[in-house]
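Coordinate analysis (summary)
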Amino acid sequence: MNYIIGAFKPPCDISITFADARTRKQVSVKKDNGKTTMVPVFQSLETISGEVSIAPVPGKRIEQMGVKIELLGQIVRELDVPGEIYERKTYPFEFSTVEMPYESYNGTNVRLRYILKVTVGRNYVGNIVEYRDFCVRNYAPVPTINNSIKMEVGIEDCLHIEFEYSKSKYHLNDVIIGKIYFLLVRIKIKNMELEIRRRESTGSGSNTYVETETLAKFELMDGAPVRGESIPVRLFLTPYELTPTYRNINNKFSVKYYLNLVLVDEEDRRYFKQQEITMYRLQETTQAS
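Quick caveat, the model's predicted, so the values are computed rather than measured.

Let's shift gears to the domain arrangement of the protein chain. Taken domain by domain, the protein chain comprises domain 1 (12-136) and domain 2 (149-280). A C-alpha centroid distance of 42 Å is found between domain 1 and domain 2. The interface is formed by 9 residues belonging to domain 1 together with 13 residues belonging to domain 2. Carbon and sulfur atoms supply 62% of the area that domain 1 and domain 2 bury against each other, a total of about 900 Å² over both sides. Inspection of the region where domain 1 meets domain 2 yields 4 residue pairs in polar contact (both at pLDDT 80 or more). Its residues assigned to classes, the side of domain 1 that touches domain 2 comprises 4 nonpolar, 4 polar and 1 charged.

With that settled, the discussion passes to the pairing of strand β19 (residues 209-222). Bridging between strand β18 (residues 189-202) and β19 involves 12 bridges; their strand directions are antiparallel. From the neighbouring strand, T202 faces β19, where its bridge partner is Y209. Connecting β18 to the next strand, β19, in antiparallel fashion are 6 residues, including G203 with a positive phi near 80°.

The next subject is the packing of aromatic side chains. Enumeration over the complete set of coordinates arrives at 9 aromatic pairs. Taken together, a centroid distance of 5.4 Å and an interplanar angle of 15° make the contact between Y105 and F253 stacked. Here the residue Y105 occupies a position in strand β10 (residues 105-106), and F253 occupies one in strand β22 (residues 253-265), the gap between them amounting to 148 residues. With respect to burial, Y105 and F253 carry one shared label: buried. On the numbers, 5.5 Å between centres and 55° between planes, the contact of F163 with Y165 is tilted. Classification of Y165 as buried rests on a relative accessible area of 1%. Three or more aromatic residues joined by ring pairs form one cluster here, namely F18, F42, Y114 and F134. Across the ring face of Y258, the terminal group of R199 is positioned such that the distance to the ring centre comes to 4.5 Å.

Another aspect to go through is the sheet that holds strand β17 (residues 175-185). With respect to topology, 4 strands assemble into an open sheet ordered β14-β15-β17-β20, the strand pairing being antiparallel. This sheet does not close on itself; its edge strands, each paired only once, are β14 (149-155) and β20 (230-236). Shown here is a sheet whose adjacent strand axes are inclined to one another by a mean of 20°, direction ignored. Two elements, strand β15 (residues 159-165) and β17, share 7 bridges in a ladder whose sense is antiparallel. Residue L159 lies in a different strand from β17, and its bridge partner there is V185.

A separate point is the environment of G205. In this structure, G205 sits in the loop between β18 and β19. When the C-alpha atoms of G205 and Q26 are compared, they prove to be 37 Å apart, with 179 residues separating the residues in sequence.

Before going further, it helps to spend a moment on the pattern of salt bridges. In this structure the tally under the stated criterion is 15 salt bridges. Here R61 makes a salt bridge to E63, at a shortest N to O gap of 3.6 Å. Put simply, E195 and K217 hold a salt bridge, and the shortest N to O gap is 4.0 Å. With E195 in strand β18 and K217 in strand β19, this pair connects stretches of sequence that are 22 residues apart.

Criteria and cut-off values
- Residues numbered from 1 in each chain as written.
- Predicted model: local features only at pLDDT ≥ 70, side-chain atom pairs only at ≥ 80, totals over all residues.
- Heavy atoms only, no water.
- Domains from an automatic or database assignment.
- Contact = heavy atoms within 4.5 Å.
- Buried area = accessible area lost by both parts, 1.4 Å probe.
- Polar contact = N/O pair within 3.5 Å; in protein donor to acceptor, adjacent residues only side chain to side chain.
- Nonpolar A, V, L, I, M, F, W, Y, C, P; charged D, E, K, R; others polar.
- Pairing = 2+ DSSP bridges.
- Helix = DSSP H or I, 4+ residues; strand = E, 2+ residues; numbered from the N terminus.
- Phe/Tyr/Trp six-rings, centres within 6.5 Å; stacked < 30°, edge-to-face > 60°.
- Buried < 20%, exposed > 50% of the residue type's maximum accessible area, 1.4 Å probe, protein only.
- Lys NZ or Arg CZ within 6 Å of the ring centre and 35° of its normal.
- Axes fitted to C-alpha atoms, helices over the stretch in contact; angles between N-to-C directions.
- Salt bridge = Lys/Arg side-chain N within 4 Å of Asp/Glu carboxyl O.

Have a look at this one:
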């Protein structure tokens, strides 16, 4: 049995290391098996460099038809010409100022990944392949125009509510600040809450699939409001796993965020009003209010 298991083990160990691994920021990402791992973070137009080390199992040699590294979806670099590897060999690699306009994303029905792939080509047996994930995050400046949101919820002769949020674009660690005004209340409201919803759309046309997920629920009021009352809103975004808004990424998917105001009356009927907001990633050293 040990012999059979050993027959399927690769004849070498391949490791991929980044040049600035000790100092570069790392984030946790979920793998296909559901476990999490720490990966380094890059942004578009950064240089990605490091080393690939190939160490044969002691006493073995590898006949190889070439060694290459790929930044999947981007570039291929040849690391070695055909030959044999008797002992550990280390190959430096560098992808200079790589354009990576889209962020890494791990959603419900779609994933966007950046991967380094090393292939040791072999002639009569299968190639030896090693992968290494990394993460891409791109930052946006503070918007020059950021209008407030003003909306109304109404049921004729029964309910008239106005709500206002201070702005329509938020960074990922922002605070949603607003106010809700009750102008007419002739139904008995039991409670009111504010939800943050993420809508992920994949595919296109008739093959579009939409998944909506409620990320946060925030109770604004418990009990019946009266006419003329106003309720403040203050919702911190930091605790929630948000991403920037993504619009039509490579014609494959979109991710949008919505504020959903929900009112429940004493007969458990639900009234709601939804408003899209724009999320963006602000450089962490310059978080704005």
